[in-house]
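Overview (structure and organization)
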Amino acid sequence: MFKLENIVRQNVLQMKPYSSARDDFKGTATVFIDANENNLGSLAGEHYNRYPDPHQHKLKSRIATIKGVDPKQIFLGNGSDECIDLLLRMVCQPGKDALLNLPPTYGMYEVSANLNEVHIDTVQLTADFQIPVKQVLASIKPETKLIFICSPNNPTGNNIEPESIETILKNFDGLVVLDEAYIDFADTPSWTTRLDDYPNLVVLQTFSKAWGMAGLRLGMAFASVEIIELLDKIKPPYNINQATQELAQNALGNDEQLKYMIEETVQERELLEKALPALAAVEKVYPSDANFLLVKVTDAEALYKHLLNDGIVVRNRSNLPGCENCLRISVGTLEENQLLLQSIAEFNV
Ligand SMILES: *Cc1c(COP(=O)(O)O)cnc(C)c1O
C-alpha cells in the first residue's frame, strides 16, 4: 500500500518552510517596508522591485483552467528540471535511497540523482523502447523511492504503453514520476486525468517545448494535494520569477497560436518521417509522438560532423544504450528541414 508519509524524508516532514513576508501579512496596506526591497523603483521596469508571488496564484489558476486540474494539484518549478530535483530530495535520503531509471531516457534524472547522492538502479527499455514490466517490478528494492518514466520518451520519441505504466503504478509503493514534456505533440491523453486514481502518480509537463518558452524556465508537476504541499514546503520561495509569471500568463491566452505551432510541427515531422528513409545514410526512422525524431544512420559520428560542417547542429545519441548510430533531430521549420535533408543527401557522395 502506498503511503506518502512512509517515503518522505524525516527532515522534510519535520522542517518548517521559509515564511515570506507577504505570507504573514493578511489585509490591505499601501506601505510595504517589510522585505528590504527598493521602494524607489526598479532599473528593470515597473513591479520588478517587488518579490514575486511565491505561490503564483494567478498563473496557477489559469493553468488549472487550461489543464482541467485543481490549482491545489499544481506545483510550478524553475523548469521541470527543478521539479525532478525537488521530488528526489523530498523522498530520497542521500547515500541510502535509490531510484529506478529506464534508459535510454532523459539525462536529468541521472544527473539529479548523482548530485543528491541517490543510488541509480537501471533497467534498459526493450528493443522497441517499451518497458520490460516484469524486470522493473523485480528490480524494486526497499530503498527504491522513485521510478522515472518518460512518455513520449526522450530521445526515442515513442509513447510508453499505458498498460505498463498502470501496472507499475499499481505495484510500486514509491512515486511514479511520469514525464510528459512532449505530451502536446502526442495523440494520447495526459495522465493528469488519473491523479485521483493513483496517489503515487506525479505528472511532469513543461512550457519549454510546445509552448515555446524554454527561455522562461517554467515547468509543472501535477499530483495529489499532499505531494504538492510538500513540494511547496521545500522549494526556494521565489523560484518562479515575476517576469516569467507575467509572460506566461499572457501567453496562456493564445491557444490559437499554440494549436497552430503543434499542428505545424507534427506536419513537418510527418514530412521528415517520409523523406528521411529515402536517403542512403539513413537506416531507420523510429516512430515519434514528439517534436523530434530518433534516426539510425550508417555512421552517426561522421554524419554528425558532416552536418556541423554545413552549420546544422543535431544531437548524437550513439552512446546511449540501444541507440547505436542514432542521431536525435528536432523538427525544424520547413526551410531548416529542407537544409537538413539536402545535407544528409550529400553525405558520402
Ligand atoms: C526538455 C525536457 C524537459 C524540460 O525541462 P525544462 O526544465 O522544463 O525545460 C523535461 N523532461 C524531458 C524528458 C525533456 O525532454
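Note: the structure precedes this text.
So, here's what we can say about the structure. Here the structure is a predicted model, which is why all the values come from computation and not from measurement.

**Considerations on the sheet that holds strand 2 (residues 98–101)**
- On the basis of which strands lie adjacent, the open sheet formed by seven strands has the order 1-7-6-5-4-2-3 and mixed pairing. The strands lining the two open edges of the sheet, one partner per strand, are strand 1 (74–77) and strand 3 (119–122). Pairs of neighbouring strands in the sheet enclose a mean axial angle of 25°, with direction left out of account.
- Where strand 1 lies against strand 7 (residues 219–222), four bridges are found, and the strand directions are antiparallel. Note on strand 7: the bridge partner recorded for Gly 77 is Gly 219.
- Along the sheet face, helix 5 (residues 80–91) touches strand 1, strand 2, strand 4 (144–150), strand 5 (175–179), strand 6 (201–206) and strand 7 and points at about 155° away from the line of strand 6.
- Those strands touched by helix 6 (residues 108–115) are strand 2, strand 3, strand 4 and strand 5, and its axis lies near 165° from that of strand 2.

**Section: the pattern of salt bridges**
- Counted under the stated rule, the structure contains twelve salt bridges.
- Here Asp 97 makes a salt bridge to Lys 96, at a shortest N to O gap of 3.5 Å.
- Among the ionic pairs, Arg 194 bridges to Asp 197, the shortest N-O distance being 2.9 Å.
- Under the relative-accessibility criterion, Arg 194 is labelled partly exposed at 24%.
- A single salt-bridge network, built from bridges that share partners, covers Lys 96, Asp 97 and Lys 145.

**A few points about helix 6**
- The set of residues buried in helix 6 consists of Tyr 109, Ser 112 and Ala 113. For helix 6, the buried positions fall inside an angular range of 100° around the axis, keeping them on one side. Structural note: helix 6 exposes Asn 114 and Leu 115 on the side pointing more than 90 degrees away from its buried face.
- On its buried face, helix 6 sits against helix 5, strand 2, strand 3, strand 4 and strand 5.

**Points about the packing of helix 4 (residues 57–67) against helix 10 (residues 242–252)**
- Contact pair helix 4 / helix 10: the axes reach a minimum separation of 10 Å and the direction vectors enclose 30°. The angle between the axes of helix 4 and helix 10 places the two elements in the roughly parallel class. Crossing hand, helix 4 versus helix 10: left-handed. Residues Lys 58, Leu 59, Arg 62, Ile 63 and Ile 66 of helix 4 form the contact with helix 10, whose own contacting residues are Gln 245, Ala 248, Gln 249 and Leu 252.
- Each residue belonging to the contact of helix 4 with helix 10 can be placed in one class, and the counts come to five nonpolar, two polar and two charged.

**Brief notes about the state of the cysteines**
- Scanning all chains against the criterion turns up zero disulfides.
- Cysteine Cys 83 shares no disulfide, and the gap to the nearest cysteine sulfur, in Cys 150, comes to 14 Å.
- With no disulfide partner, Cys 326 has as its closest neighbouring cysteine sulfur the one in Cys 323, 5.2 Å distant.

**Here we look at the pairing of strand 7**
- Residues Gly 219 and Ala 221 point to one face of strand 7 and Met 220 and Phe 222 to the other, with burial holding for every one of them.
- As judged from the four bridges shared by strand 6 and strand 7, these two strands associate in the antiparallel manner. By the bridge assignment, Gln 205 is partnered in strand 7 with Met 220.

What counts as what
- Residues numbered from 1 in each chain as written.
- Predicted model: local features only at pLDDT ≥ 70, side-chain atom pairs only at ≥ 80, totals over all residues.
- Heavy atoms only, no water.
- Pairing = 2+ DSSP bridges.
- Helix = DSSP H or I, 4+ residues; strand = E, 2+ residues; numbered from the N terminus.
- Axes fitted to C-alpha atoms, helices over the stretch in contact; angles between N-to-C directions.
- Contact = heavy atoms within 4.5 Å.
- Salt bridge = Lys/Arg side-chain N within 4 Å of Asp/Glu carboxyl O.
- Buried < 20%, exposed > 50% of the residue type's maximum accessible area, 1.4 Å probe, protein only.
- Arc of directions from axis to C-beta.
- Parallel < 35°, antiparallel > 145°, perpendicular 65-115°, else oblique.
- Left-handed = near helix turned anticlockwise from the far one by under 90°.
- Nonpolar A, V, L, I, M, F, W, Y, C, P; charged D, E, K, R; others polar.
- Disulfide = S-S within 2.5 Å.

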